[in-house]
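Report on the structure
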Amino acid sequence: MKLPHISRRIAATAQLVIYHVRDQAPGVAHDAIHTPKGWTLLSFVIIYLLTVAYLSRASYRDPTSAFFDPQHGYDRRYSLHRQHEAEAFIEQANSSAKRPATLIEPEMCIGIATIGRPGEQYVRTTIGSLVEGLTKRERDEIHLITFIAQTDPHEHPIYGETWLEALSDQVLSYDVPREEREHLKSLERNKNYREKGIYDYSYVLDKCAATGATWIAIIEDDTIAVAGWYQRAIAALKKIDSELSKGKEWLYLRLFFTEEFLGRNSEDWLYYLANCCGIILLSALVLGTARSFGYQKVITDLVLGTVCFACVPACILLYFLAGKLSVHPLTPGIYEMPKFGCCGQGFVFARRTAPLVVHHLREKKVGFVDMLVEEWANEADLARWVIMPSLLQHIGSTSSKGDDFGGNAKHDRSVAEKIWNFGFELYDAKGHWKPSTPMG
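Note that residues are indexed from 1 along each chain, following the sequence as it is written. This being a predicted model, a pLDDT of at least 70 is required before a residue's local features are given, and a value of 80 or more before pairs of side-chain atoms are given or counted; all residues contribute to the totals for chains, interfaces and linings. The side-chain numbers reported here are obtained from all heavy atoms of the structure, hydrogens and water having been left aside.

1. What about the state of the cysteines?
Here, a disulfide means two cysteine sulfur atoms that sit within 2.5 Å of each other. Inspection of the entire model under this criterion finds two disulfides. In this model, Cys-109 is linked to Cys-208 through a disulfide, with the two sulfur atoms separated by 2.0 Å. The chirality of the disulfide connecting Cys-109 with Cys-208 is left-handed, given an S-S dihedral of about -75°. Pair noted here: Cys-109 is in strand S1 (residues 108–114) and Cys-208 is in helix H9 (residues 193–209), with a separation of 99 residues, a long-range link. A helix here means a DSSP run of H or I that spans at least four residues, while a strand means a run of E at least two residues long, and both kinds are numbered starting from the N terminus.

See below:
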């Protein structure tokens, strides 16, 4: 068939459709205003638009939602309040004496590797928030190691500050052979963050494991902890070990995660498509069955087509646009998180697994801690746990690993600023989690 002939047939068909719509338009308009079916459709449209308006307000903090507002979604609420508490605590500690050694074996060792950054030194807030609010007994159960991860520790702005000795049980710097120190200097000069980051992490993890503590927490130096974090973490660890793990070996308890990767992932597109088609077919089946029971005049072909191919797909679309966390909000608890966990701001390892992690990282040498740990956990079939809501917030705006405005930066925010837990900001001033609306 030649192209001109096809074009003429298409034009003729289109003209017939236009004439039919023109002839039927008055009746359709009348039905829309004066019939129950019209009022029902109009009510659906109004309710749909009201729902869209509600979601634009309720889901602005949900990074999995199409209604996410990057201008206000990253607003600091509780973390700013907690930062002020931590800073005030650090000021008080500046007039304190060096912390005396404790004779009891620690329940938890906290290791923090820190390097000097341009501008604000977040590590002050990190340490202040971890220690502020602890009872004397809780503080005595903790062995805090601050590791100045620079070959010349004097270059770090906090080195020698009074509060550091007053709050830390140990302040460490590199204690390594000369040849190894020269290699570290070379890594610093060349800004080889991927190798030096792994070295520093395994170094402080090894030092923490040597304390004999039951639990080893490695916390990044640009985080902030919720008030009461220690009691919650210890309770979660004991519950995992005694009940939840059910004898299966596990690798860590995650104290921080970002919700950005907890939405609907493209890997599951076939599952979502099948469910959407199933819902549409089910709607058609229900309406078709109703017609067979004497509702032919109400459920006409037009009604059936409108519901199945307009209303139901519109509701499905809104369900996906709303965001997974708005429709299925996270609830407090302890859960397995075998995938989509990010990032490495705070892990707690058991004493028995910490040496294995050190060995694995030293064997790999280069990479990112969280990625290497996840790969190993998948290979060894080790469970990974997370506590919700997050006990830590990431507050760093510049990364110690470089690439602040690389390919993963968006919303006019650096890569570091995007590593954010939105639920953390829903804590109240006393550290109680009180989400008024799902992620709103």
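Continuing now.
2. Re the nonpolar core
What makes a nonpolar core is a set of buried Ala, Val, Leu, Ile, Met, Phe, Trp, Tyr and Cys residues whose side-chain atoms join them at distances within 4.5 Å. To sort residues, take the accessible area from a 1.4 Å probe on protein chains only and compare it with the maximum for the residue type: under 20% means buried, over 50% means exposed, and anything in between is partly exposed. Grouped together as the largest cluster of nonpolar side chains are 50 residues, with contacts concentrated most on Met-108, Ile-110, Ile-127, Trp-229, Leu-253 and Leu-255. When residues no more than four places from it in sequence are discounted, the contact partners of Ile-127 are Ile-112, Leu-144, Thr-146, Trp-163, Leu-164 and Leu-167. Membership of the second largest hydrophobic core comes to 33 residues, among which are Leu-184, Tyr-203, Val-204 and Val-358. Whether two residues are in contact is decided by their heavy atoms, any of which lying within 4.5 Å being enough.

3. Looking at the pattern of salt bridges
Salt bridges are identified by distance alone: a Lys or Arg side-chain nitrogen within 4 Å of an Asp or Glu carboxyl oxygen. Scanning the entire structure with this criterion turns up 22 salt bridges. Of the charged contacts, one joins Arg-254 and Glu-374 as a salt bridge, the two residues approaching to 3.5 Å between their closest N and O atoms. Residue Arg-254 is found in strand S6 (residues 250–254), and its partner Glu-374 is found in helix H15 (residues 369–380); the two are separated by 120 residues along the sequence. Like Glu-374, Arg-254 is buried. Ionic pairing is found between Lys-418 and Glu-260, a salt bridge with its closest N-O pair at 3.7 Å. Placement of the pair is Lys-418 in helix H16 (residues 415–418) and Glu-260 in the loop between S6 and helix H11 (269–292), with a sequence separation of 158 residues.

4. Observations concerning the environment of Ala-236
Residue position: Ala-236 is located in helix H10 (residues 229–244). In the structure, Ala-236 is positioned 98 residues away from Ile-334 in sequence and 6.9 Å away in space, judged by C-alpha atoms. Those residues within four positions of Ala-236 in sequence are excluded, and the remaining contacts are Leu-253, Ile-334 and Ile-387.

5. A few points about the side chain of Thr-125
Within the secondary structure layout, Thr-125 lies in helix H5 (residues 123–131). Judged by relative accessible area, which is 3%, Thr-125 ranks as buried. With residues near it in sequence (within four places) discarded, Thr-125 still touches Gln-83, Ala-86, Glu-87, Thr-223, Ile-224 and Ile-395.

6. As for the sheet that holds strand S3 (residues 170–172)
The strand order S3-S2-S1-S4-S8-S6-S9-S7 describes an open sheet built from eight strands, whose pairing is mixed. Single-partner strands in this sheet number two, and they are S3 and strand S7 (333–336). The average angle at which neighbouring strand axes cross in this sheet is 25°, direction not considered. Two strands pair if DSSP finds at least two bridges between them. Where S7 lies against strand S9 (residues 383–388), four bridges are found, and the strand directions are antiparallel. If you follow Glu-336 over to S9, its bridge partner there is Trp-385. An axis is simply a line fitted to the C-alpha atoms; with a helix, the fit covers only the stretch in contact. Between two such axes, the angle follows the N-to-C directions and lies from 0 to 180 degrees. Against the sheet, H10 engages S1, strand S2 (142–148), strand S4 (215–219), S6, S7, strand S8 (346–350) and S9, with an angle of about 155° to S6.

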